[in-house]
Amino acid sequence: MKHDNMNTEPIWKSWFARHGAKLLLFARQQSRRPDEAEDLLQEAFVRIWRLYGHTGEVAPGLVYRAIRRLAIDWARSIDRRQARENRVALDNPLSLSFDRTLEQDERKQALLRAVDRLPHAQKEVVTLKIWGELTFDEISQTLDESLNTVASRYRYALQKLRDFVPEEMSDKTSASTVEE
Amino acid sequence: MNEYEQLEAELRSLKPLPPGEAFSSKLEKALGSAGNLAVRRLPDAEDSADFLPSVPPESNPLSFTRLFFYTGCVGAGLAAVWALFFYLSNGLIAPSYVIEAEQPLFTDQFSAQVDLPVDDPESPVHGVTLGQLQDTSPMPVMGWSDPQNRERFLRLVDEGIFQRPSGVPARRVRHYYMDETLWSHPASDMRILSTSPREEVIFIELDTY
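Residues numbered from 1 in each chain as written. Chains lettered and ligands numbered in written order. Predicted model: local features only at pLDDT ≥ 70, side-chain atom pairs only at ≥ 80, totals over all residues.

### Details of the pairing of strand β3 (residues 169–185) of chain B
Residues and elements named next belong to chain B.
- One ladder, built from 13 bridges, connects strand β2 (residues 148–163) with β3; its direction is antiparallel. Looking across to β3, one finds that R150 is bridged to E180.
- Counting the residues that bridge the hairpin from β2 to β3 gives five residues, and of these G167 lies at a positive phi of roughly 95°.
- Bridge count for β3 against strand β4 (residues 190–205) is 16 bridges, and the pairing is antiparallel. Residue W183 lies in a different strand from β4, and its bridge partner there is I192.
- Here β3 folds back onto β4, and the loop between the two strands holds four residues, one of which, D189, carries a positive phi near 55°. (Pairing = 2+ DSSP bridges. Helix = DSSP H or I, 4+ residues; strand = E, 2+ residues; numbered from the N terminus.)

Below is the structure:
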């Protein structure tokens with residue numbers, strides 16, 4: 001039999017190779033602490049794959065939505081814990097989630113710093129639209145927001161980025177001049 | 001390209017870091033048996049070579065023998081088309097047109113022979129009266145008891161999850177039934193069983209987690 005000679009590979013591996021980086025970026029953007037992002041992604045992915053994995057193909061929007069809901073749940077529990085322990089959440093800049101070779105490109109670095117300056121709501125729309133490659137309709141379903149709200153947030157975010165990037169570049173230039 | 005499109009293009013050029021190998025193995029462990037629910041087949045390198053037809057380098061697919069065979073087939077096809085054309089154009093159709101044109105379409109004789117069916121509301125068979133049925137069929141006409149209906153569940157098929165147009169995922173489950181109707185005639189101990197298959201599709205809305 002020919003089939004006896006064939007290997008099998010779980011479908012989730014190829015699925016995750018396609019979507020893993022985008023999902024991890026969104027998890028990092030949603031999580032309150034840098035070390036939490038992988039746990040968030042793992043929990044969301046395992047839950048969704050156990051539910052729908054037998055079909056062989058899962059819409060990435062489901063995992064994005066699960067990540068967001070879990071992040072909200074976890075943030076609530078963290079807030080309760082922090083209230084007890086009187087701790088402050090660590091800062092989690094999104095720029096750390098990109099290739100470090102970008103450090104040589106000043107413009108791209110400025111762009112990432114500008115993304116970090118965006119308000120959370122606008123940053124998540126940009127993340128889902130640009131790197132998650134979702135449509136506005138899918139984003140509105142993922143974030144439980146109206147289509148108009150999502151589209152407006154994206155438009156405002158781009159306007160802000162347009163203004164922030166030159167600022168970031170000039171700040172960097174003046175900082176390096178002072179160091180010299 | 002305006003400045004916003006340029007900005008979008010610049011943002012897209014930034015690639016997020018992929019998860020590490022350690023994370024993938026952690027994920028595999030966390031998935032457990034659920035990870036192996038859907039698998040795809042990967043043919044081995046040797047195996048895929050076996051699937052390819054073994055063509056010796058010297059044999060050309062368009063060899064002389066094959067070319068001769070194909071030419072023969074085309075020739076036979078052309079000959080058949082020519083014979084058909086000759087057959088049709090040599091008076092086999094034209095005379096029949098003439099004969100048919102001379103005959104009236106409807107005649108009194110034809111209409112007199114037609115025996116229109118009689119509709120008897122009491123009869124279970126359309127076009128046959130109850131009396132005709134009783135005369136010609138060994139089946140008794142009167143004395144049947146009320147039919148008994150029964151729904152027999154055959155099987156359930158879970159067709160999995162699909163995304164509804166509203167975006168809410170739903171599980172589609174299909175139920176297969178067999179509807180049975182039994183007529184019985186106690187006097188002659190005759191029974192007639194009618195079965196008809198039926199299926200029901202049920203959508204169960206699911207939460208994302």
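### A closer look at the confidence of the model for chain A
Residue and element names in this part refer to chain A.
- Per-residue confidence for chain A gives a mean pLDDT of 81, with 81% of residues at or over 70.
- Element-level mean pLDDT values for chain A span from 77 in strand β1 (residues 7–10) up to 92 in helix α5 (residues 120–131).
- Low pLDDT, under 50, characterises residues 1–5; the predicted model gives this stretch three contacts beyond four residues in sequence or across chains. (pLDDT = per-residue confidence, 0-100. Contact = placed C-beta atoms within 7 Å.)

### Description of the nonpolar core
- Among the nonpolar cores identified, the biggest contains 53 residues, and L41, A44, I48, V63 and I67 of chain A are the most heavily contacted of them.
- The set of elements that each furnish at least two residues to this core consists of α1 (11–30), α2 (37–52), α3 (60–85), α4 (106–117), α5 and α7 (147–179) of chain A together with α1 (3–13) and α2 (21–31) of chain B.
- For this core, the element with the highest residue contribution is α2 of chain A, accounting for ten residues.
- Both domain 1 (8–92) and domain 2 (98–180) of chain A contribute no fewer than three residues apiece to this core. (Core = buried A, V, L, I, M, F, W, Y, C linked by C-beta atoms within 7 Å. Buried ≥ 20, exposed ≤ 12 C-beta atoms within 10 Å, placed from the backbone. Domains from an automatic or database assignment.)

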